[in-house]
Amino acid sequence: MSDNNNNIEVLADEMDFETPDHAWQTLKRMWRSVAEQHKRLAVVLVSVVLYTTLSIIAPLYSAHIIDLLWNNIKETLTSGAAFQITWEAGGRDIFFLLLIYLAAGLFYTLQSLLMASFAERLSLRLRTEISEKLNRLPLSFFDRTKTGAILSRTVNDLDKTSEALQTGMLKLFTAVGMIVGSLVMMFRFSILLTLVFLVFTGIALAATNFVSAKTLKSAMKRQQCVSNVTAQVEEAYSGRIVIKAFNQEENSSENMHKATEELAEATKKADFMINAVNPAIRLINRFGQVLIAVLAGKMLLEGRLTVGVFQAFFQYANQASEPLTEAAYMVNSMQSALASLERIYKLLDEEELSPESALPAVVEQAKGTVEFQNVRFGYTPDHILMHNINFSVKPGQKVAIVGSTGAGKTTLINLLMRFYELNCGKITLDGTDTKDMPRSNLRSNFGMVLQDTWLFGGTVAENIAYSKPDATREEIVAAAKAARVDFFVKDDGEVVFNEINTMPGFTAISMYPMLWEARGITKDQLVDMLMAHGMERYT
């Protein structure tokens, strides 16, 4: 029985033992996804079969060699001759055993390399499909789906699937063969010894499952405490100005200390459960090994077992015990991977943006006439927010749409930019229905300054030229002056090429929308939209 019988530490880390809702359909879809790798999988299966077969044959053949050598040793002791191994007397058999182990190692290396390549190719394909899919999804998907959930699909679920396919599937294939083959050979040698092995293995499995359930609870508690500490650190850091403004430093520090103390206590319990149970499980296995050794020694003295069979039985016991104790982990790992793969396919099956018009109407350099005609819209069909909205904006006009939070100001812009599709009515730009325009063409005619502005790491010039990467130095300086950020521009125009985070006085949040407006000016859009709290303005 192996020393590696206990997988509780691994089980504690795999806390989300999920089961797929449609396992068979997911497997069939994955099989279709790897159509070009079917031959590779066939080679892997053949390699697994050959590796398992050789691993089962090796202990049996070693028993033959040891019995041969033992008999030769007894003969030499009786005759008084010197013991030696020649090619005919044991050497050929030892060389053949070496070839068996070398071949088994070769097939194991081959299947490991092929499965690693298979898993990474599937992962690359899924990552590419997800990347392309995200660009085809409507804004409504991102509104109803948390960013963390999307990141989990694209990172955690893919990593979990790849890891399970590389190791879990391979272990599952080999474990089945090892368990069946080893148990058959053990029963062939001795039914009594095999029953003793199964009894103690069952006790070890029961103890492992019992303790792992408690360990998982401790590990989950620790993970919750880690999440709590992380959340408090993030909140305290991002809200440090508010905390100082309301003199809550002491309360914040007290809450943080309390959270870290809870984490320390939970970690202590979880680590104790994980580290203390392993020796206990090993002790159970040692009792089984001792009893098997005593019974086998008695049978050896009685002549019912040979020395070669004695050692071969322990080899088979080691080969069978580890897969048996790992079976629960491997099954859970594969189920969790299938659940992850199912979520990935669910993301890939999300409804995409409506297709572009077969005969697109392109508007180059729009004059700026925008008209809403009987627009009817709701984020869901059963919850209509807008009924028969009608208004128009002429070129050169400045129109402000004012209303309370939730009145639909931002929704109007989302509809104008075709981030959402209308339920009824139409929106036109220079008399052209925006539904007939390619989305890229429509949006290229607008400049937007959002409520939540985003600046990227780099220079001011790079941020201003974001909408027009090939903008000249003169265009960037002119846009900065037009957007009233000209106090960053010296006579020679050098300042706009400095890093944002190194510029003195650039901590003012009010500067951010001005740079966004400079982006729009750089692109030279004739229709600009400024979104502020409580008001949207069209220009």
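Everything quoted here is computed from the prediction, not taken from an experiment. (Residues numbered from 1 in each chain as written. Predicted model: local features only at pLDDT ≥ 70, side-chain atom pairs only at ≥ 80, totals over all residues. Heavy atoms only, no water.)

A. Up close: the overall build of the chain. Across its full length, the chain holds 15 helices and eight strands. Counting every position in the chain, which comprises 539 residues, the buried fraction comes to 40%. Here the analysis covers contacts within the chain between residues at least 6 apart in sequence; of these, 79% occur between residues at least 24 apart. (Helix = DSSP H or I, 4+ residues; strand = E, 2+ residues; numbered from the N terminus. Buried < 20%, exposed > 50% of the residue type's maximum accessible area, 1.4 Å probe, protein only. Contact = heavy atoms within 4.5 Å.)

B. Main features of the pattern of salt bridges. Going through the model one piece at a time under the given rule, you end up with 18 salt bridges. Its salt-bridge partner being R304, residue E302 comes within 2.8 Å of it at the nearest N-O pair. Looking at E302, the relative accessible area reads 43%, which means it is partly exposed. On the basis of relative accessibility, which here comes to 53%, the residue R304 falls in the exposed class. Of the charged contacts in the structure, one is a salt bridge between E356 and R439, with a shortest N-O distance of 3.5 Å. Of the two residues, E356 is situated in the loop between helix 10 (307-348) and strand 1 (370-377) and R439 in helix 12 (residues 439-444); the sequence distance between them amounts to 83 residues. With a relative accessible area of 40%, E356 lands in the partly exposed category. (Salt bridge = Lys/Arg side-chain N within 4 Å of Asp/Glu carboxyl O.)

C. Layout of the nonpolar core. Membership of the largest hydrophobic core comes to 36 residues, with the highest contact counts inside it found for M186, F189, L193, F197 and Y316. Broken down by secondary-structure element, the contributors of at least two residues to this core are helix 3 (38-79), helix 4 (91-134), helix 6 (147-189), helix 7 (191-238), helix 9 (249-301) and helix 10. With eight residues, helix 3 is the single largest residue contributor to this core. Residues in contact with Y316, not counting those within four places in the same chain, are I56, P59, L60, S182, M185, M186 and F189. In terms of nonpolar packing, the next biggest core, distinct from the first, is built from 27 residues, L41, M115, L170 and L341 among them. (Core = buried A, V, L, I, M, F, W, Y, C linked by side-chain atoms within 4.5 Å.)

D. How the structure looks around a nonpolar patch on the surface. Nonpolar side chains collect at one region of the surface, where W87, F95, F96, L98, L99 and L102 lie side by side and expose about 600 Å² of accessible area between them. Structurally, W87 can be placed in the loop between helix 3 and helix 4. By relative accessible area, W87 is classed as partly exposed at 45%. (Patch = residues over 30% accessible without salt bridge, like charges linked within 9 Å, V, L, I, M, F, W, Y side chains within 5 Å. Areas by Shrake-Rupley, 256 points an atom, 1.4 Å probe, with all protein chains shown as cover.)

E. The packing of aromatic side chains, seen in detail. Scanning the model with the defined rule gives ten aromatic pairs in all. Taking 5.5 Å as the distance between ring centres and 50 degrees as the angle between the ring planes, the aromatic pair formed by F310 and F314 counts as tilted. Taken together, the residues F310 and F314, both in helix 10 and four residues apart, mark about one turn of the helix. On the accessibility criterion, F310 (22% relative accessible area) is partly exposed. Aromatic pair F377 and Y379: ring centres 5.0 Å apart, planes at 75 degrees, arrangement edge-to-face. On the basis of relative accessibility, which here comes to 2%, the residue F377 falls in the buried class. By way of ring pairs, the aromatic residues F377, Y379 and Y420 are connected into one cluster. Stacked on the ring of Y237, the Lys or Arg R240 has its end atom at 4.4 Å from the ring centre. (Phe/Tyr/Trp six-rings, centres within 6.5 Å; stacked < 30°, edge-to-face > 60°. Lys NZ or Arg CZ within 6 Å of the ring centre and 35° of its normal.)

F. Focus on helix 3. Helix length check: helix 3 (42 residues) gives 61 Å between terminal C-alpha atoms against 62 Å at 1.5 Å per residue, within 8%. G80 occupies a position one or two residues after helix 3 and carries a positive phi of about 80 degrees. (Expected span 1.5 Å × (residues − 1).)

G. Broad picture of unusual backbone geometry. Its identity as a non-glycine residue notwithstanding, N374 has a phi of 50 degrees, on the positive side. One can find N374 in strand 1. With a phi close to 55 degrees, D430 is a non-glycine residue in the positive phi region. Here D430 lies in the loop between strand 4 (424-429) and strand 5 (432-433). When its relative accessible area of 28% is taken as the criterion, D430 is described as partly exposed.

H. Focus on the packing of helix 3 against helix 6. Orientation of helix 3 relative to helix 6, taken along the N-to-C sense of each, is 30 degrees, at an axis distance of 10 Å. As far as their axial angle goes, helix 6 and helix 3 are roughly parallel. Between helix 3 and helix 6 lies a crossing of right-handed hand. Residue-level contacts link V44, L45, V48, Y51, T52, S55, I56 and L60 of helix 3 to L170, F173, T174, G177, M178, G181, S182, M185, R188 and F189 of helix 6. Grouping the amino acids of the contact of helix 3 with helix 6 by side-chain chemistry returns eleven nonpolar, six polar and one charged. (Axes fitted to C-alpha atoms, helices over the stretch in contact; angles between N-to-C directions. Parallel < 35°, antiparallel > 145°, perpendicular 65-115°, else oblique. Left-handed = near helix turned anticlockwise from the far one by under 90°. Nonpolar A, V, L, I, M, F, W, Y, C, P; charged D, E, K, R; others polar.)

I. Representation of the confidence of the model for the chain. With 86% of its residues at a pLDDT of 70 or more, the chain shows a mean pLDDT of 80. Scored below 50 in pLDDT, residues 1-17 shows 54 contacts in the model against residues more than four places distant or in partner chains. (pLDDT = per-residue confidence, 0-100.)

J. Representation of the sheet that holds strand 1 in the model. Pairing in this open sheet of four strands is antiparallel, and the strands run 2-1-4-5 from one edge to the other. Each edge of the open sheet is held by one strand with a lone partner, namely strand 2 (386-393) and strand 5. Two strands pair when backbone bridges link them, and strand 4 and strand 5 are joined in this way by two bridges, in the antiparallel orientation. In the sheet register, L429 faces strand 5, and the bridge partner there is T432. Those strands touched by helix 11 (residues 409-416) are strand 1, strand 2 and strand 4, and its axis lies near 110 degrees from that of strand 1. (Pairing = 2+ DSSP bridges.)

K. Seen up close, the environment of Q166. By the element assignment, Q166 lies in helix 6. It is 8.9 Å that separates the C-alpha atoms of Q166 and L113, two residues lying 53 residues apart in sequence. With near-sequence residues (within four places) excluded, Q166 lies in contact with M115, A116, A119 and E120.

L. Here's a closer look at helix 9. With 53 residues, helix 9 ought to run about 78 Å at 1.5 Å a step, and its terminal C-alpha atoms sit 78 Å apart, in line with that. Looking at the residues trailing helix 9, positive phi occurs at G303, about 85 degrees.

M. Main features of the environment of L353. For L353, the position within the fold is in the loop between helix 10 and strand 1. Residue classification places L353 among the partly exposed positions, given a relative accessible area of 27%. Spatially, the C-alpha atoms of L353 and R418 are 9.9 Å apart, while their sequence positions differ by 65 residues. Here L353 is in contact with N135, R136, L137, P138 and R439, once residues within four sequence places are set aside.

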